[in-house]
Amino acid sequence: MSDTAIATQLYLISPLDVSGEFPERLERALEAGKGVVTAFQFRVKGLDNHEAARLAEPLQAICAAHDVAFIVNDSVALAKRLKADGVHLGQDDGDPREAREELGREAQIGVTCHASKHMAMEAGESGADYVAFGAFFESSTKDKGDAERPAPDILEWWSSLFEIPCVAIGGITPDNCAPLVAAGADFLAVSGAVWSGDEAAAVKAFAKHLE
């Protein structure tokens, strides 16, 4: 993942169902998001590694063809099996140091930090390549119950002190993303806003706010 092309970039997160026509949808989204979409997270639940790998492989190939980083959610073992570009860890998914040992120096390792500056600093000290704050808005994919909702200024705080990129996540749409971009988010992690409708149109709508 690189944050050099434009100020803020898109980090697409898959829906839980990536079967059927989803590879074609991903292709359309990445075609529409050239220079804007730089990472894709493979996020499925409740599947064994064999089935998950079967579903991941065509998506990984599409990402590679578009020079988009392919990140596996939660599972270091699956990321290693796929030789993925990296892994995204929740707070209960293991230590970034151990993930680094398993996946190597080149792997991109991200850590969910919710609304916690402390978690983010710990993640940075543990060698994370990026930290993710959120959910900033109501979200179907980041259902944390009563978890504290961060304000955009946490992005500004992080960006002013640390060089490690920060990701904003949770309920982000083209209509509400502007404050997060202004606050210094390196990446907007988006899922429902893209996959719930016309993915190409949604990516293009986000791109207008990232220029």
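Before reading on, note that the structure itself is shown above.
Attention here is on the structure that accompanies the text. Here the residue numbering is sequential within each chain, running from 1 through the sequence in written order. Totals for whole chains, interfaces and linings use every residue, but because this is a predicted model, local features are given only for residues with pLDDT of at least 70 and side-chain atom pairs only at 80 or more, for both listing and counting. Hydrogens and waters are ignored; side-chain quantities use all the structure's heavy atoms.

Note on conventions: DSSP H or I runs of at least 4 residues are helices, E runs of at least 2 residues are strands, and numbering of each starts at the N terminus. A count of helices and strands for the protein chain gives nine helices and eight strands. Relative to a compact globule of 211 residues, whose C-alpha radius of gyration would be 17 Å, the protein chain shows 16 Å and is just as compact. Between buried and exposed lies partly exposed: a residue is buried under 20% and exposed over 50% of the maximum accessible area for its type, with that area taken using a 1.4 Å probe on protein chains only. Out of the 211 residues belonging to the protein chain, those deemed buried represent 52%. A sequence separation of at least 24 residues applies to 58% of the contacts in the protein chain between residues at least 6 apart. Exposure was quantified through the Shrake-Rupley algorithm and a 1.4 Å probe, taking into account, for residues, occlusion by the shown protein chains and nothing else. Counting every atom, the protein chain has about 10000 Å² of accessible surface; 47% of that belongs to carbon and sulfur. Of the side chains in the protein chain, 18 bear a positive and 34 a negative charge, and the two mean positions are spaced by 3 Å. Radius of gyration: over C-alpha atoms. The globule rule applied is 2.2 Å multiplied by the number of residues raised to the 0.38 power. Two residues qualify as a contact provided that any one of their heavy atoms is within 4.5 Å of a heavy atom in the partner residue. Neither His nor the chain ends is counted toward charge; the positive residues are Lys and Arg and the negative residues Asp and Glu. Charge positions are represented by NZ for Lys, CZ for Arg, CG for Asp and CD for Glu.

We now examine the packing of aromatic side chains. When two rings of Phe, Tyr or Trp (its six-membered ring) have centres within 6.5 Å they constitute a pair, described as stacked for plane angles under 30 degrees, edge-to-face for angles over 60, and tilted for the intermediate range. With the rule as written, the count across this model stands at nine aromatic pairs. Measuring from ring centre to ring centre gives 4.7 Å for F22 and W195, while their planes differ by 65 degrees; the resulting arrangement is edge-to-face. Residue F22 is located in helix α1 (residues 22-32), and its partner W195 is located in helix α8 (residues 192-195); the two are separated by 173 residues in the primary sequence. A relative accessible area of 3% means that F22 is categorised as buried. Ring centres of F40 and F70 lie 6.0 Å apart, and the angle between their planes is 35 degrees; this geometry places the pair in the tilted category. Here F40 is found in strand β2 (residues 37-42), whereas its partner F70 is found in strand β3 (residues 69-73), with 30 residues between them in sequence. Across the pair, exposure class does not vary: F40 and F70 are buried alike.

So, about the sheet that holds strand β1 (residues 9-13). Where strands meet in a sheet, backbone hydrogen bonds hold them as pairs that are either parallel or antiparallel. Around the barrel, which closes on itself, the eight strands sit in the order β1-β2-β3-β4-β5-β6-β7-β8 with parallel pairing between neighbours. Each adjacent strand pair in this sheet contributes to an overall mean axis angle of 25 degrees, direction not counted. Bridge analysis of β2 against β3 gives four bridges, and the strand direction is parallel. When the bridges of β3 are listed, F40 appears paired with F70. Each pair of strands is called paired provided DSSP finds at least two bridges between the two strands. What counts as an axis is a line fitted to C-alpha atoms, over the stretch in contact for a helix, and the angles between N-to-C directions run from 0 to 180 degrees.

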